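Architecture and fold: a report
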Amino acid sequence: MTAVAPPEPSSPAIGASTAPLTASRRRSRWVAAAALGLISSTFSTIVSQLFAARLGRDAAVDWMTVAAIPARDLALSAEPSWTAILTGIAFHQWADFSWALVFFGALGRWTADLRPLTILGLALPWAVFSSAMEWFVLGRCFRSGSRCSRCSNPIGSASSFTVRPP
């Protein structure tokens, strides 16, 4: 039986290229980022929809609340409309897709050669960071009419609206 030595820690990840960054590699990085964005945002949307009731949430109201970030008060009603639900889903998809483009596209120079376990380890801190940025920075920009400032109303229409049963 022959003993196999473990790979050196400084060796590149499996499938990683040590060649200089070429236009085709840069383009493939963006294509991969877009594909990952579509997959992860779709998965996130499906999980949110399927597990809302198990968490005591009404998925339609949640999507309407998300839609109120870009559409403001136009999306809010006593009964969520299909327009508000689809706007909320589209906004959620856009946010997840955009973060995948940032992480794997814009930051691809540093993230392209990460190993799967490293990406898994970064997933939770990245999720906390991206969610905080969405709610405390981007959400505030949308709620204040694209006027990003610390003086804008910290509680927007989406977070102050509640639906009470009759």
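Each chain carries its own residue numbering, running from 1 in the written order of its sequence. Given that the model is predicted, a residue must reach a pLDDT of at least 70 before its local features are reported, and side-chain atom pairs must reach 80 or more before they are shown or counted; all residues, however, enter totals for whole chains, interfaces and linings. Note: side-chain values were computed over all heavy atoms of the structure, leaving out hydrogens and water.

1. Some words on the packing of aromatic side chains
Side-chain rings of Phe, Tyr and Trp (the six-membered ring for Trp) are treated as a pair once their centres are within 6.5 Å; stacked means planes under 30 degrees apart, edge-to-face means over 60, and tilted covers the remaining angles. As enumerated under the stated definition, the model contains 6 aromatic pairs in all. Relative to phenylalanine 104, the ring of phenylalanine 103 lies with its centre 4.7 Å away and its plane at 85°, an arrangement referred to as edge-to-face. Ring centres of phenylalanine 103 and tryptophan 126 lie 4.8 Å apart, and the angle between their planes is 55°; on these two criteria the pair is classed as tilted. Residue phenylalanine 103 is found in helix H3 (residues 82-106), and its partner tryptophan 126 is found in helix H5 (residues 116-143); the two are separated by 23 residues along the sequence. Classification of phenylalanine 103 by relative accessible area gives buried; the value is 9%. Helix and strand definitions here come from DSSP, where helices need a minimum of 4 consecutive H or I residues and strands a minimum of 2 consecutive E residues; each element is numbered from the N-terminal end. Each residue's exposure class comes from its accessible area (1.4 Å probe, protein chains only) as a fraction of the maximum for that residue type: buried when under 20%, exposed when over 50%, partly exposed otherwise.

2. Some words on the pattern of salt bridges
Salt bridge, as used here, is a side-chain nitrogen of Lys or Arg placed within 4 Å of a carboxyl oxygen of Asp or Glu. In this structure the tally under the stated criterion is 1 salt bridge. For arginine 57, the salt bridge identified is with aspartate 62, shortest N-O distance 2.6 Å. Residue class for arginine 57 comes out partly exposed when judged on its relative accessible area of 49%.

3. Structural notes on H3
Multiply 1.5 Å by the residue count of a helix minus one, and that product is the helix's expected span. Under the 1.5 Å per step criterion, the end-to-end length of H3 is 34 Å for 25 residues, consistent within 8% with the ideal 36 Å. Those residues of H3 not exposed but buried are Ala84, Ile85, Gly88, Phe91, His92, Ala95, Asp96, Trp99, Ala100, Phe103 and Gly105.

4. Examining the packing of helix H2 (residues 59-71) against H3
For any two helices packed against each other, one specifies the inter-axial angle together with the distance between the axes. Packing of H2 against H3 brings their axes to within 7 Å, and their N-to-C directions diverge by 70°. Regarding the angle of H2 to H3, the classification is roughly perpendicular. Here H2 runs over H3; the crossing is left-handed. Contacts from Ala60, Trp63, Met64, Val66, Ala67, Ile69 and Pro70 of H2 reach H3 at Ala84, Ile85, Thr87, Gly88, Ile89, Phe91 and His92. Axis definition: a line fitted to C-alpha atoms, limited for helices to the stretch in contact. Angles are taken between N-to-C directions and run from 0 to 180 degrees. The cut-offs work like this: below 35 degrees is roughly parallel, past 145 is roughly antiparallel, 65 to 115 is roughly perpendicular, and the gaps in between are oblique. Each crossing gets its hand from how the near helix is turned against the far one by less than a right angle, where anticlockwise is left-handed and clockwise is right-handed. Contacts: residue pairs with any heavy atoms within 4.5 Å of one another.

5. Examining the packing of helix H1 (residues 23-51) against H3
Remark: H1 packs on H3, axes separated minimally by 8 Å, with the N-to-C direction vectors making an angle of 145°. Every pair of crossing elements has a handedness; the one defined by H1 and H3 is right-handed. Side-chain classes follow a simple rule in which Ala, Val, Leu, Ile, Met, Phe, Trp, Tyr, Cys and Pro form the nonpolar group, Asp, Glu, Lys and Arg form the charged group, and the remainder, Gly included, forms the polar group. Here the contact of H1 with H3 is built from residues that sort into 11 nonpolar, 10 polar and 2 charged.

6. Re the nonpolar core
Only buried residues count toward a nonpolar core. Its members are Ala, Val, Leu, Ile, Met, Phe, Trp, Tyr and Cys residues joined through side-chain atoms within 4.5 Å. Core analysis: the biggest nonpolar cluster contains 7 residues, these being Val61, Met64, Ala67, Ala68, Ala75, Leu76 and Ala84. A total of 4 residues in this core trace back to one element, the largest contributor, which is H2.

7. Things to note about the confidence of the model for the chain
Averaged over all residues, the pLDDT of the chain is 76; the fraction at 70 or higher stands at 70%. Known as pLDDT, the predictor's confidence for each residue is given on a scale from 0 to 100. The least confident element of the chain, judged by mean pLDDT, is helix H6 (residues 157-160) at 42; the most confident is H3 at 90. Low confidence marks residues 146-166, where pLDDT is under 50. Its contacts with residues over four positions away, or in another chain, come to 25 contacts.

8. Focus on a nonpolar patch on the surface
A patch consists of residues whose relative accessible area exceeds 30% and which take part in no salt bridge; residues with like charges are grouped when within 9 Å of each other, and nonpolar side chains (Val, Leu, Ile, Met, Phe, Trp, Tyr) when within 5 Å. To measure how exposed things are, a 1.4 Å probe is used in the Shrake-Rupley method; for residues, cover is taken only from the protein chains shown. On the surface, Ile46, Leu50, Phe51 and Leu55 cluster together to form a nonpolar patch covering roughly 440 Å² of accessible area. Position of isoleucine 46 relative to the elements: it lies in helix H1.

9. Let's talk about H1
Over its 29 residues, H1 extends 42 Å from the first C-alpha to the last, a length consistent with the 42 Å expected when each residue adds 1.5 Å. Along H1, the positions that sit buried rather than exposed are Arg29, Ala33, Gly37, Ser41 and Thr45. Packing partners of the buried residues in H1 comprise H2, H3 and helix H4 (108-111).

10. Looking at unusual backbone geometry
A positive phi is found at arginine 72, a non-glycine position, where the angle reads about 55°. Since its relative accessible area comes to 39%, arginine 72 is described here as partly exposed.

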